[in-house]
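Structural overview
The primary structure of each chain is shown beneath.
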2 protein chains.
Amino acid sequence: MLKVPEFNPPKRLLMGPGPSDVAPTVLEAMSRPLIGHLDPEFVRMMDEIKVMLREIMQTRNEMTFPVSGTGSAGMEFCLVNLIEPGDEIIIGVNGVFGTRMCDVAERCGAKVTRVESTWGTIISPEQIAAALKTCRPKIVAVVHAETSTGALTPVEEISRLAHEAGALFLLDTVTSLAGCPVLIDEWKVDAVYSGTQKCLSCPPGLSPVSLSPAAMKVATNRKKKVQSWYLDVNLLSSYWGQERVYHHTAPITMNYGLHEGLRLVLNEGLEARWKRHEENHLALKKGLAEMDLQIVSQAGHQLWQLNAVGVPEGVDEAGIRKKLLMDYNIEIGAGLGPLKGKIWRIGLMGATSTTQNVETVLKALKQLLGR
Amino acid sequence: MLKVPEFNPPKRLLMGPGPSDVAPTVLEAMSRPLIGHLDPEFVRMMDEIKVMLREIMQTRNEMTFPVSGTGSAGMEFCLVNLIEPGDEIIIGVNGVFGTRMCDVAERCGAKVTRVESTWGTIISPEQIAAALKTCRPKIVAVVHAETSTGALTPVEEISRLAHEAGALFLLDTVTSLAGCPVLIDEWKVDAVYSGTQKCLSCPPGLSPVSLSPAAMKVATNRKKKVQSWYLDVNLLSSYWGQERVYHHTAPITMNYGLHEGLRLVLNEGLEARWKRHEENHLALKKGLAEMDLQIVSQAGHQLWQLNAVGVPEGVDEAGIRKKLLMDYNIEIGAGLGPLKGKIWRIGLMGATSTTQNVETVLKALKQLLGR
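Keep in mind that what you see is a predicted model, and the values were worked out from it rather than measured.

**Thoughts on the interface of chain B and chain A**
How big an interface is tends to be stated in terms of accessible area lost as the parts join. On the chain A side, the residues contacting the 65 residues of chain B number 64 residues. Contributing elements (two or more residues each) for the side of chain B that touches chain A: α1 (24-30), α2 (40-57), α3 (71-82), α4 (96-107) and α9 (252-268) of chain B. Considering every element that reaches the side of chain B that touches chain A, the biggest residue donor is α9 of chain B, with 8 residues. Broken down by class, the residue content of the side of chain B that touches chain A amounts to 30 nonpolar, 18 polar and 17 charged.

**Some words on the packing of α2 of chain B against α9 of chain B**
Each pair of packed helices gets described by two things: the angle between the helix axes and the distance between those axes. All names here are of chain B. α9 packs onto α2 with a crossing angle of 40° between their chain directions and a minimal axis gap of 10 Å. Taken together, the axes of α2 and α9 lie oblique to each other. α2 and α9 meet at a crossing whose hand is left-handed. When α2 is examined against α9, the residues F42, M45, E48, I49, M52, L53, E55 and I56 are found in contact with a partner set consisting of I252, N255, L258, H259, L262, R263, V265 and L266. In terms of residue class, the contact of α2 with α9 is built from 11 nonpolar, 2 polar and 3 charged.

**Comments concerning the sheet that holds strand β8 (residues 168-172) of chain A**
Residues and elements named next belong to chain A. Strand order across the open sheet formed by 7 strands is β2-β10-β9-β8-β5-β3-β4, with mixed pairing between neighbours. One side of each edge strand has no neighbouring strand; the edge strands of this open sheet are β2 (63-67) and β4 (111-116). Neighbouring strand axes in the sheet, compared pairwise and without regard to direction, differ in orientation by 15° on average. Packing against the sheet, helix α4 (residues 96-107) makes contact with β3 (88-93), β4, β5 (139-143) and β8, and its axis sits at approximately 160° to β3.

**Considerations on the nonpolar core**
Core analysis: the largest hydrophobic core is formed by 242 residues, its most contacted members being L82 and A105 of chain A together with L82 and A105 of chain B. For L82 of chain A, the residues in contact, after removing those within four places along its chain, are I139, L168, A191, A215, V218 and A219 of chain A.

**Things to note about helix α12 (residues 355-369) of chain B**
All names here are of chain B. Compared with the 21 Å implied by 1.5 Å per residue over 15 residues, the 21 Å span of α12 between its first and last C-alpha is a close match. Among all positions of α12, only N357, V358, V361, A364 and L365 are buried. Taken down its axis, α12 places every buried residue within 140° of arc, on the same side. Residues of α12 that are exposed and point more than 90 degrees away from the buried face comprise T355, Q356 and K363. Those residues of α12 that are buried lie in contact with β1 (13-14), α10 (270-290), α11 (317-328), β12 (330-331) and β14 (343-347). Following α12 by one or two positions, G370 adopts a phi angle in the positive range, close to 60°.

**Re the environment of V358 of chain B**
All names here are of chain B. One can find V358 in helix α12. Classification of V358 as buried rests on a count of 24 C-beta atoms within 10 Å. C-alpha of V358 to C-alpha of N280: the two residues are 78 residues apart in sequence and 6.8 Å apart in space. Beyond its immediate sequence surroundings of up to four residues, V358 is in contact with N280, A283, L284, G287 and L348.

**Remarks on the domain arrangement of chain A**
All names here are of chain A. The domain architecture assigned to chain A consists of domain 1 (13-17 + 271-369) and domain 2 (24-266). When contributions to the side of domain 1 that touches domain 2 are tallied by element, the ones reaching two or more residues are α10 (270-290) and β11 (306-310). Considering only residue class, the side of domain 1 that touches domain 2 consists of 13 nonpolar, 9 polar and 2 charged.

Rules used in this analysis
Residues numbered from 1 in each chain as written. Chains lettered and ligands numbered in written order. Predicted model: local features only at pLDDT ≥ 70, side-chain atom pairs only at ≥ 80, totals over all residues. Contact = placed C-beta atoms within 7 Å. Helix = DSSP H or I, 4+ residues; strand = E, 2+ residues; numbered from the N terminus. Nonpolar A, V, L, I, M, F, W, Y, C, P; charged D, E, K, R; others polar. Axes fitted to C-alpha atoms, helices over the stretch in contact; angles between N-to-C directions. Parallel < 35°, antiparallel > 145°, perpendicular 65-115°, else oblique. Left-handed = near helix turned anticlockwise from the far one by under 90°. Pairing = 2+ DSSP bridges. Core = buried A, V, L, I, M, F, W, Y, C linked by C-beta atoms within 7 Å. Buried ≥ 20, exposed ≤ 12 C-beta atoms within 10 Å, placed from the backbone. Expected span 1.5 Å × (residues − 1). Arc of directions from axis to C-beta. Domains from an automatic or database assignment.

Structure representation (structure tokens):
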């Protein structure tokens with residue numbers, strides 16, 4: 001029989017676009033023995049996860065829980081439940097994840113109107129207002145924090161425009177949640193998904209989602225069944241709701257980890273956590289500037305948790321990244337799409353966002369770039 | 001801010017329909033620090049997972065990897081990739097999971113022909129042969145080990161009939177894989193999915209799948225895009241294949257656990273593992289008979305890893321189960337659908353399948369039933 005040795009991962013500092021470093025108590029929680037997914041103790045823990053998620057998302061939405069898949073499954077969850085074939089949707093596209101939303105929505109049979117901005121810039125309310133003159137969408141969707149470009153789109157005004165036009169407002173908060181203000185109820189967001197491996201600092205594998213009562217009404221009054229059984233909120237609501245009707249088997253251990261991760265967020269306090277992310281971003285930016293390196297996403301809209309750093313002329317982008325990983329055990333990310341080869345993406349998310357890590361990556365870059 | 005205490009799960013013996021007890025080294029593997037999902041070391045580990053899965057599934061299929069969701073996501077993966085609207089499919093229905101397959105297939109737009117057997121009995125080749133006279137299916141699908149009833153359907157002859165009719169053969173091995181013989185290539189299975197939380201004894205959260213070259217041809221030559229972006233094998237094959245094109249972020253920690261779980265299977269040896277499952281099933285059956293309790297699924301086709309025990313007349317099914325959990329910390333499962341209240345489901349899967357556990361559950365039942 002085949003013999004494969006044990007896998008012992010090297011110790012990396014995760015400063016890419018995610019996963020971020022996981023807090024030791026989260027890993028500890030995940031090493032605890034399993035209980036059944038219908039065990040009363042697990043059910044109680046599911047309830048605590050829902051309560052904590054609502055607090056962190058700043059929402060009172062009953063339907064707030066983690067989908068048993070990664071952030072992309074959360075994106076698909078929102079779209080498959082709300083879209084029926086022929087529905088119109090406006091999607092802001094200023095990076096990988098807006099592009100992905102269009103693909104997913106089209107697979108649901110939606111007629112997609114793309115509102116495009118240059119990668120690295122935001123989607124403006126004016127663009128959305130203009131698009132709303134050309135169609136009557138059921139949903140307006142944007143990405144809050146574009147992980148692929150480092151731009152943070154302000155969404156309150158976009159949400160207002162969407163509702164004025166009678167549409168639901170859908171928001172991707174994969175990278176923003178718990179790293180900067182995300183105010184689901186105040187901003188009147190109807191459908192939101194996030195990921196565990198960014199500012200929540202858990203391993204990837206779950207996608208916290210929340211649907212407003214208005215979104216739930218759309219999902220429960222569909223003419224056609226949701227095309228995904230696995231992601232059908234009509235089935236999931238009975239599993240995560242009071243009835244506890246068996247649907248799928250929840251990823252027990254991932255939920256242990258998420259429970260602990262959410263606890264850490266609340267123990268720190270949301271505002272303190274946002275402030276920590278802001279301060280470390282500013283420190284990184286200052287240090288980069290001293291080396292004559294710039295954050296290239298739109299000024300005034302730069303993410304605290306993901307920094308898109310312009311690669312200087314003549315520097316081997318991939319070579320530096322590889323050396324950081326191999327010689328310094330620091331992972332940073334590459335640019336994607338039109339930004340490939342042009343930026344490095346330095347993540348300061350969750351447990352990774354510390355003064356010490358900022359100093360560590362600055363020092364390593366200084367050595368490698370000779371600046 | 002909300003304060004929630006740490007979650008410390010009680011220590012249960014997991015003898016239900018899954019999850020089963022997880023081996024300590026799997027939990028240990030999952031407590032290791034994260035690395036990035038595109039880290040060369042993670043990529044190397046992904047390759048090892050694929051190689052080990054092929055060995056355990058007894059297949060040479062290149063497209064063999066874990067889907068980033070639970071077993072039900074694996075079911076949906078197989079169906080969404082192979083079905084286009086209007087396609088015909090024959091599905092064997094003798095429990096919850098055959099029923100679920102019909103629901104998923106219909107959501108893909110399939111015309112489903114159900115071949116039904118009483119819950120607890122198998123699907124026979126004669127039934128499939130009869131159904132094949134009424135339609136021209138693209139796929140014939142059955143559940144190998146019906147977790148809801150404890151019946152094991154022999155599939156070689158069904159596979160032969162399917163291929164003779166020009167159809168692909170699809171098999172659910174969620175509960176069978178690594179607990180009894182599962183010979184994907186020898187049985188000419190074209191599409192197969194499993195789960196990690198049964199006889200592989202890992203936490204739930206991943207679904208090992210495999211597609212034959214014939215199934216891959218169907219999936220890659222579709223007229224219409226796969227309706228699920230998250231589960232589209234055309235995208236996943238570039239992520240899990242040689243190119244490593246970013247798709248979603250793989251659940252790193254779950255894959256650490258699976259890697260270790262697969263290692264344990266291969267270290268024990270497939271045949272030794274099957275034999276262990278058989279022996280512990282027989283020991284349980286003998287002990288149950290001594291208490292005048294019977295396994296009620298079809299004689300000659302009873303699963304080794306999941307035992308459907310008839311609840312004696314006048315006994316409070318749910319009460320006994322609750323006492324086992326609360327007073328003995330032993331989890332067993334309830335009956336579902338037509339078997340609700342009529343059976344207990346005692347799992348002997350993976351790490352749970354030991355002589356000691358058989359004795360423990362027999363002793364507890366003896367005390368509770370006064371037999």
